[in-house]
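Descriptive structure summary
Read off the chains here:
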Amino acid sequence: MSKKINAYTIYDIAKWQVDLEEDSKSLKGGIQLPTLQRGFVWQPHQMEALWDSIFRGYPIGSLLMSKDINNTKYLLDGQQRCTTIALGFQNTLNSISSNVLNIKKENIPSIWIDLKPLVNNQNGLRFAVRVLTRSHPWGYRLNDHTKRLSMADQRNALEYFRKKSSETSLGFSQLDIALRSPWDAHYPVPLALILKTDKNNLKSTLECSLTNIETKYGICDYNKIDEDWLYAIYKGVNNAKSLLLPEIVVDKSSMEEEDVNADNETGEDAVLFLRLNSSGTRISGQELIYSLIKASLPEAKELVEEIGLNFLSPTTVVNLFVRFIKMKRRDFQSFERTIGLQDFRKLLAEDGFKEDLKEFINSKEAKDLMDGAVAIINSHPLHLPPIFNKEVLSKNTDLLLILLVYKFNNKELNTNEEKSIRSAFIHCTLFSGSKEKRKIAPKFFNVLFKSNWQSWSEIWPQLSIQNHNELPPLLAPKQFNGFLQLIGEKFLKDRNQHLFWFDWLKEVFRENNEFLNLLPINYNISEDVDKQLVEEQKIEQATHYWRNLCHYVFWNRQFLTVAQRNYFNSQFGEFMAFEGIEDTNKPWDWDHIYPNSWVYRKTKISVLVKWLLNSNGNFRALSFNENRSQSNNQSPEMRFKDNVQAQNDSFVCKNDFQYWVNLTNSDNRLKEGDPKVISFVNAVLTRIGNIYNDSYNVIFELEKVEHE
């Protein structure tokens with residue numbers, strides 16, 4: 001005997017969510033959203049594609065529910081689609097007064113549709129559905145909804161929004177949802193108006209609701225909407241009305257629950273939800289753990305998210321707390337690496353773990369520890385950009401965990417300790433990769449434990465010296481620049497195409513062996529070897545150290561963020577103020593000082609120029625506004641001569657400026673043997689030296705040194 005399958009229209013689904021109370025988890029129509037469900041994670045182009053499919057009458061899948069003994073249904077799979085559907089029914093012309101749809105009110109996207117046919121859309125869309133977000137209140141490009149608008153378009157759109165609001169200084173992230181409208185559009189209309197308004201009444205409704213709407217193409221005249229296309233739009237509305245999403249219901253009582261502790265009332269849902277992660281929008285293991293935390297300890301959600309504000313995601317915070325509690329229960333005797341999903345589920349079954357975690361998360365101590373750690377990083381006297389501080393914390397979570405333990409065991413830290421802590425975090429950020437960070441953290445933890453959690457400032461420098469392959473200790477700027485100068489001279493003399501060629505570097509050390517005793521490393525010398533072999537072993541290890549140190553200075557772009565900190569702070573303040581920047585495209589380019597267009601696909605270019613072209617010495621951060629206004633073919637001389645502001649913004653100092661201004665428009669193809677190759681190499685390597693000097697001063701919080 002066949003069983004009747006329920007199915008829902010998009011109108012049914014919208015009613016589940018649009019009238020939610022701020023703190024309710026019950027969806028209208030007897031459907032509930034489990035606490036373990038994650039937040040809304042779809043990107044604008046995914047939302048636009050879904051509505052395009054709906055208007056074309058394409059099937060958009062089924063909804064997976066679980067049902068308990070009281071016949072209450074829980075939505076397990078389909079939340080992203082259901083939320084996107086509900087957002088389409090939001091009246092975006094009005095301000096939103098409270099959180100809805102499991103999204104903070106300031107982050108709620110708005111959905112519009114352009115009533116003009118799409119032409120040559122790069123993504124195969126037929127209907128021009130436009131999604132606007134807090135970070136992109138003007139929407140994305142009409143012909144490719146995965147691409148941001150040009151900076152000129154963004155600037156013009158913001159000027160229009162400010163005019164509408166009568167606030168000339170309003171930032172784009174501060175725009176109320178009622179002020180937003182698509183910029184790259186012809187006849188934009190809130191999707192909700194189309195869904196709720198009969199075709200015969202549409203134009204009169206638009207006359208009342210939409211006045212003086214402006215786009216990049218001018219003031220919108222809705223009387224010019226093509227009637228044939230309007231007919232196609234409403235055929236799409238009819239398709240939407242007739243579209244059904246069938247439900248698949250899994251009876252909770254029929255699901256085996258073997259590997260989640262029995263007192264977890266959402267255990268069965270958790271098992272199924274975790275298995276569903278193999279499809280749809282994938283989420284990380286840490287996000288899954290956070291989902292389980294919310295299922296087990298729903299009261300902790302707000303506190304965890306509050307602690308993670310601005311710098312760390314809730315998923316990262318909760319994983320740190322889980323590791324912290326596991327280590328604390330063992331008296332911090334061993335370091336705990338990032339906990340995976342299965343290990344976390346075992347911990348939940350461990351006697352007393354869940355209670356300890358709950359007590360810690362809900363305690364004032366948890367927030368104080370995290371707030372204190374963030375405050376230390378943010379207190380650098382040279383005012384490092386918030387975007388860099390976010391990177392410092394998010395890329396060094398193992399070190400952050402150690403800091404939480406250190407603060408737990410040292411209630412008060414003096415100024416010198418805090419300075420040393422910042423030094424360690426910045427050192428790791430600039431001079432190590434993820435693999436090296438994973439190696440160095442447990443070693444540091446073990447030494448701190450043996451010292452009874454004392455003397456961070458003494459232990460960290462020694463740790464770097466003893467483990468220079470994982471984290472190169474810093475060479476004094478005078479020695480760094482002295483050896484870099486020798487390298488540069490030999491580089492120009494030998495015309496070597498690779499500045500870090502191992503055997504070539506060893507030869508430099510042989511010719512200048514006095515530098516061997518200046519490097520801050522402990523040489524590992526074999527016993528019972530003759531003097532000549534001792535020197536060869538030193539040369540080998542010195543070469544490894546130098547290559548490792550320079551690798552980061554030459555290629556890690558974070559050095560430029562630090563060096564250009566004043567420029568970042570003055571130009572990108574609003575971008576860096578976002579709680580999360582995942583949906584926010586960075587408003588700068590990494591711009592070549594000596595133009596890439598002068599080298600790329602050009603023949604007979606000097607190998608020295610090719611090799612140094614993409615190094616940090618020839619890069620600078622430049623805002624899109626400036627980058628688009630400057631020609632890609634501008635010479636370094638044109639960029640910097642008689643322009644002190646550009647020099648300061650780009651971290652061009654006196655000693656490298658003399659070489660940059662020697663590179664003019666006539667030097668647009670530096671071939672082998674061209675004397676201007678020397679100017680280019682000297683400009684890049686001198687600026688590399690300046691960047692290193694500055695990072696050294698930042699790490700150790702020294703007075704700024706003028707570069708002559």
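Residues numbered from 1 in each chain as written. Predicted model: local features only at pLDDT ≥ 70, side-chain atom pairs only at ≥ 80, totals over all residues. Heavy atoms only, no water.

1. Notes on the overall build of the protein chain
The cut-off we apply is this: Helix and strand labels come from DSSP, where a helix needs a run of H or I of at least four residues and a strand needs a run of E of at least two; each type is numbered from the N terminus. Here the term buried applies to any residue with accessible area under 20% of the maximum for its type, exposed to any over 50%, and partly exposed to those in between, with areas from a 1.4 Å probe on protein chains only. Only heavy atoms enter the contact rule, under which two residues are in contact if any of them lie within 4.5 Å. For the accessible areas, the method is Shrake-Rupley and the probe is 1.4 Å, while residue cover comes only from the protein chains on display.
Secondary structure summary: the protein chain contains 31 helices and 13 strands in total. Across the 708 residues in the protein chain, those meeting the buried criterion constitute 55%. In the protein chain, of all internal contacts separated by at least 6 residues, the share reaching a separation of at least 24 is 72%. In the form shown here, the protein chain has an accessible surface area of approximately 31800 Å², with 46% of it arising from carbon and sulfur atoms.

2. Digging into helix α11 (residues 314–328)
What counts here: One less than the residue count of a helix, multiplied by 1.5 Å, gives the span that helix is expected to have.
The end-to-end C-alpha separation of α11 is 21 Å, in line with the 21 Å expected for 15 residues at 1.5 Å each. A large share of α11 lies buried, amounting to 13 of its 15 residues.

3. Structural notes on the environment of H544
Mapped onto the secondary structure, H544 falls in helix α22 (residues 531–555). As a C-alpha pair, H544 and H468 span 76 residues in sequence and 9.3 Å in three-dimensional space.

4. Observations regarding the packing of helix α13 (residues 353–362) against helix α14 (residues 364–378)
Defined as follows: Helix axes use the C-alpha atoms of the stretch in contact, all axes being lines fitted to C-alpha atoms, and the angles between their N-to-C directions lie in the range 0 to 180 degrees.
At a minimum axis separation of 4 Å, α13 and α14 run at an interaxial angle of 60°. Across from F360, I361 and N362 in α13, the residues of α14 making contact are K364, E365, A366 and L369.

5. A look at the pairing of strand β12 (residues 588–592)
Inclusion rule: Only when DSSP finds a minimum of two bridges between them are two strands counted as paired.
Most of β12 is tucked away: four of the five residues are buried. By the bridge criterion, five bridges tie β12 to strand β13 (residues 619–623) in an arrangement that is antiparallel. Residue pairing across strands places H592 opposite F619, the latter belonging to β13.

6. A look at the pairing of strand β6 (residues 110–114)
By the criterion of burial, β6 is predominantly enclosed, with five of the five residues buried. With burial as the criterion, each face of β6 is covered, one bearing S110, W112 and D114 and the other bearing I111 and I113. As paired elements, β6 and strand β7 (residues 128–132) share five bridges and run antiparallel to each other. Residue pairing in the sheet places I111 in a bridge with V131 of β7. Here β6 pairs with strand β8 (residues 188–190) via three bridges, running antiparallel. Across the sheet, W112 pairs through a bridge with P190, a residue of β8.

7. Some thoughts on the packing of aromatic side chains
Counted only if it meets this: Working definition: rings of Phe, Tyr and Trp (its six-membered ring) pair if their centres are within 6.5 Å, and the pair is stacked with planes under 30 degrees apart, edge-to-face with planes over 60 apart, and tilted otherwise.
Inspection of every chain in the model, using the stated rule, returns 42 aromatic pairs. Here W588 and W590 contribute two aromatic rings whose centre-to-centre distance is 6.2 Å and whose plane-to-plane angle is 75°, an arrangement assigned as edge-to-face. Overall, the relative accessible area of 5% leaves W588 in the buried class. Residue class for W590 comes out partly exposed when judged on its relative accessible area of 24%. Cluster of aromatic residues (ring-pair linked, three or more members): F431, F480, F483, F509, F515, W546, F559, Y692, Y696 and F700.

8. Some words on helix α18 (residues 434–450)
Spanning 17 residues, α18 covers 25 Å between terminal C-alpha atoms, matching the ideal 24 Å at 1.5 Å per step. All of the buried residues in α18 are K437, I440, A441, P442, F444, F445 and L448. Looking one or two places after α18, you find N452, whose phi comes out positive at around 60°.

9. What about the sheet that holds β7?
Backbone-to-backbone hydrogen bonds join strands into a sheet, with any given pair of strands oriented parallel or antiparallel. Across the sheet, which stays open at both edges, the three strands sit in the order β7-β6-β8 with antiparallel pairing between neighbours. Looking at which strands have only one partner, the edges of the open sheet turn out to be β7 and β8. Neighbour to neighbour, the strand axes of the sheet diverge by 35° on average, direction disregarded. Packing against the sheet, helix α2 (residues 44–55) makes contact with β6 and β7, and its axis sits at approximately 150° to β7.

10. Some remarks on the pattern of salt bridges
Here the idea is simple: oppositely charged side chains can pair when their charged atoms come close. Short version of the rule: The salt bridge definition used is simple: a Lys or Arg side-chain nitrogen within 4 Å of an Asp or Glu carboxyl oxygen.
As enumerated under the stated definition, the model contains 26 salt bridges in all. The residue R330 makes a salt bridge to E350 at a minimum N-O spacing of 3.8 Å. Here R330 is found in the loop between α11 and α12 (341–349), whereas its partner E350 is found in the loop between α12 and α13, with 20 residues between them in sequence. Classification of R330 by relative accessible area gives partly exposed; the value is 35%. The shortest N-O distance in the salt bridge between D494 and K490 comes to 3.0 Å.

Such coordinate-based values are descriptive only and should not be taken to indicate function.
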